[in-house]
Amino acid sequence: MTVETRPYRFNVGVALFNARGQVFLGKSIPDGPEYVLPGCEWQMPQGGIDPAEDIIAAARRELAEETGVTEAEFLAVTDEWWAYDFPQPYTPTGHRLEAYRGQQQRWAAFRFTGTEDGIDLTATGADFSPEFSEWRWAMLEEAVAGVMPYKRQNYAKMAAAFARFAGN
């Protein structure tokens, strides 16, 4: 099977806004399975959607697995699926993402209602390993500018869809 004929993996991205309208960004762990360019390590939580899983439930699960955050008010979800291709070569041989051309994702927005001491990057789930080494709050446009180039178009669409929740 060629890269072009591989399917897209269903994925959900999570925009977690604080009370000031900033979004959560996590710094990708450099020795993880994803290809990360220096200077483009910061991204929002995201992950695969299980078969028949509700998009909002998947977003909450990914948010909890990657950040430990469980206290968040649902704000909105995008209606459309936006695809991006993985750059090649993308993953080590035998990695679970090797079977996919890229990801098609929808985005969910939440307002963080907890306290920052509840953010835990070592949170665990089934078959989980930490995604981020550190985290910070940032303006929405920083999230778009600082993510890996192959994800930037989806981040720009997400930023336009969720601009009303930002503190710009």
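This structure is a prediction, so every number in the text was calculated from the model and none was measured.

Draft legend 1. Up close: the pattern of salt bridges. Enumeration over the complete set of coordinates arrives at seven salt bridges. Among the salt bridges present, the one from Arg61 reaches Glu53, with a minimum N-O distance of 2.9 Å. Classification of Arg61 as partly exposed rests on a relative accessible area of 21%. Two residues, Glu65 and Arg61, come together in a salt bridge whose shortest N-O distance is 3.6 Å. Taken together, the residues Glu65 and Arg61, both in helix α1 (residues 55-67) and four residues apart, mark about one turn of the helix.

Draft legend 2. Spatial organisation of the pairing of strand β7 (residues 102-112). The element β7 is largely enclosed, with a buried count of 11 among its 11 residues. Neither face of β7 is open: one carries Gly102, Gln104, Arg106, Ala108, Phe110 and Phe112, the other Gln103, Gln105, Trp107, Ala109 and Arg111, and all of them are buried. Note: strand β1 (residues 8-17) against β7, 10 bridges, orientation parallel. By the bridge assignment for β7, Leu16 is matched with Phe110. Note: strand β5 (residues 72-77) against β7, five bridges, orientation antiparallel.

Draft legend 3. Examining helix α3 (residues 152-162) more closely. Those residues of α3 lying buried are Asn154, Tyr155, Met158, Ala159 and Phe162. Buried residues of α3, seen end-on, are gathered within an arc of 140° and therefore sit on one face of the element. α3 presents Gln153 and Ala160 as exposed residues on the side facing more than 90 degrees away from its buried surface. Of the surrounding secondary structure, the elements contacted by the buried residues of α3 are β1, β3 (42-43), β5, β6 (82-85), β7 and α2 (140-146).

Draft legend 4. Region of the structure containing α1. Across its 13 residues, α1 extends 18 Å between first and last C-alpha, which sits within 8% of the 18 Å expected from 1.5 Å per residue. Three or more residues of α1 are buried, namely Ile55, Ala58, Ala59, Glu62, Leu63, Glu65, Glu66 and Thr67. On its buried side, α1 packs onto β1, β2 (23-28), β4 (46-48), β5, β7 and β8 (132-138). Among the residues of α1, the N-terminal cap falls to Asp54, whose side-chain oxygen and the backbone nitrogen of Ile56 are separated by 3.0 Å. Two residues or fewer past α1, Gly68 is found with a positive phi of approximately 80°.

The rules we used
Residues numbered from 1 in each chain as written. Predicted model: local features only at pLDDT ≥ 70, side-chain atom pairs only at ≥ 80, totals over all residues. Heavy atoms only, no water. Salt bridge = Lys/Arg side-chain N within 4 Å of Asp/Glu carboxyl O. Buried < 20%, exposed > 50% of the residue type's maximum accessible area, 1.4 Å probe, protein only. Helix = DSSP H or I, 4+ residues; strand = E, 2+ residues; numbered from the N terminus. Pairing = 2+ DSSP bridges. Arc of directions from axis to C-beta. Contact = heavy atoms within 4.5 Å. Expected span 1.5 Å × (residues − 1). Polar contact = N/O pair within 3.5 Å; in protein donor to acceptor, adjacent residues only side chain to side chain.

By themselves these figures say nothing about function.
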